[in-house]
Protein chains: 2
Amino acid sequence: MKAAKRKQLEASGWKVGSAAEFLELTDEEAAYIELKLNLAKRLKEARTKRRLTQKDLAVRIDSSQSRVAKMETGDPSVSLDLLIKSLLALGVSNNDIGKAITNNNSKAA
Amino acid sequence: MKAAKRKQLEASGWKVGSAAEFLELTDEEAAYIELKLNLAKRLKEARTKRRLTQKDLAVRIDSSQSRVAKMETGDPSVSLDLLIKSLLALGVSNNDIGKAITNNNSKAA
DNA sequence: TAAGAATATGTCAAATTCGACATATGCGCA
DNA sequence: TGCGCATATGTCGAATTTGACATATTCTTA
């Protein structure tokens, strides 16, 4: 795994105890995190495009600002369920959600 | 909402108390269910293609046959997290997961 | 049709994720 | 600099999802 990706993950709330521990991520775990971060990014885009604050969105989905913040940083404590339900609440279609997952900035799939 | 879709949802484990209650599904709820059923379908495809039983898959993902069955029928008690982690465990890529969500058999998005 | 294998359904205590709250950090701008 | 607003982080009891188990149903195939 590349250092750049590690940085991305760390910056996104994934606590990495040690380099060794980090490198023990299986492909499956890495794919899961990547998928989650793609959705997180799409959520932030959708929200800011609509000029809503995290608090605004939180009210819409009966949640809290802190949970929205965690969603957008891909915090391990948030589920894909909540992320996807939030995207739907913002009017993002299933098609666009699928595209957000498919659109990987990385080189390989 | 069309009767055909209602049938599909009922056949997939979504208990519908009454027609009236059913019709109160918001677009958002309908989209969520559709997305989940798309993943459920893809999971069953991936598993059967690999000639695994539900029990086989359950062992791989440290779960149980009954939960795999619920995943494949789109049972309300299973999260998108579990569904997606199971797909990844079968070697399905993020790209293919995105496509499974995007590939809607329905007319509109 | 009978028997066995695979899948589906219902329930429950344990584990995880939730919203809420407090509080910290960042980010303009007067 | 200091103030106001937006976002991030840590924690907690409540709510939801979990694997496991029992059991029912469906599918094969002999």
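Nothing here was measured: the structure is a model prediction, and the numbers come from that model. (Residues numbered from 1 in each chain as written. Chains lettered and ligands numbered in written order. Predicted model: local features only at pLDDT ≥ 70, side-chain atom pairs only at ≥ 80, totals over all residues. Heavy atoms only, no water.)

> Sorry, what's going on with the interface of chain A and chain B here?
A common way to express how large an interface is: the accessible area buried when the components associate. On the chain B side, the residues contacting the 22 residues of chain A number 22 residues. Each partner contributes to the roughly 2000 Å² buried at the junction of chain A and chain B, and carbon and sulfur atoms together form 60% of this total. The three residues of chain A that bury the most area against chain B are Asp81(A), Asn94(A) and Asn95(A), which together make up 26% of that side's buried surface. Where chain A touches chain B, the interface holds 0 salt bridges. At 7 residues, helix α7 (residues 94-102) of chain A tops the list of elements feeding residues into the side of chain A that touches chain B. (Contact = heavy atoms within 4.5 Å. Buried area = accessible area lost by both parts, 1.4 Å probe. Salt bridge = Lys/Arg side-chain N within 4 Å of Asp/Glu carboxyl O. Helix = DSSP H or I, 4+ residues; strand = E, 2+ residues; numbered from the N terminus.)

> Looking at this model, I keep getting lost on the relation of the copies chain A and chain B. Mind explaining?
Two copies of one chain are present, and they are related through a rotation about an axis combined with an axial shift. Note on the copies: chain A fits chain B at an RMSD of 0.0 Å, the axial shift is 0.0 Å, and the rotation between them is 180°. Both chain copies can therefore be described as sitting about a two-fold axis. Within chain A, Gly98(A) has its C-alpha nearest the rotation axis, a separation of 2.0 Å. Interface overlap between copies is the fraction of interface residues in one copy that are interface residues in the other; for chain A against chain B it reaches 100%, indicating a shared surface. (Least-squares fit on C-alpha atoms with pLDDT ≥ 70 in both.)

> Whenever I open this one, the nonpolar core confuses me. Can you help?
Nonpolar side chains in soluble globular proteins tend to be buried together. Ranked by size, the top nonpolar core spans 52 residues in total, and within it Leu39(A), Ile97(A), Leu39(B) and Ile97(B) carry the most contacts. Once you skip the residues sitting within four places of it in the chain, Ile97(B) turns out to touch Leu35(A), Leu39(B), Ile84(B), Leu87(B), Leu88(B) and Val92(B). (Core = buried A, V, L, I, M, F, W, Y, C linked by side-chain atoms within 4.5 Å. Buried < 20%, exposed > 50% of the residue type's maximum accessible area, 1.4 Å probe, protein only.)

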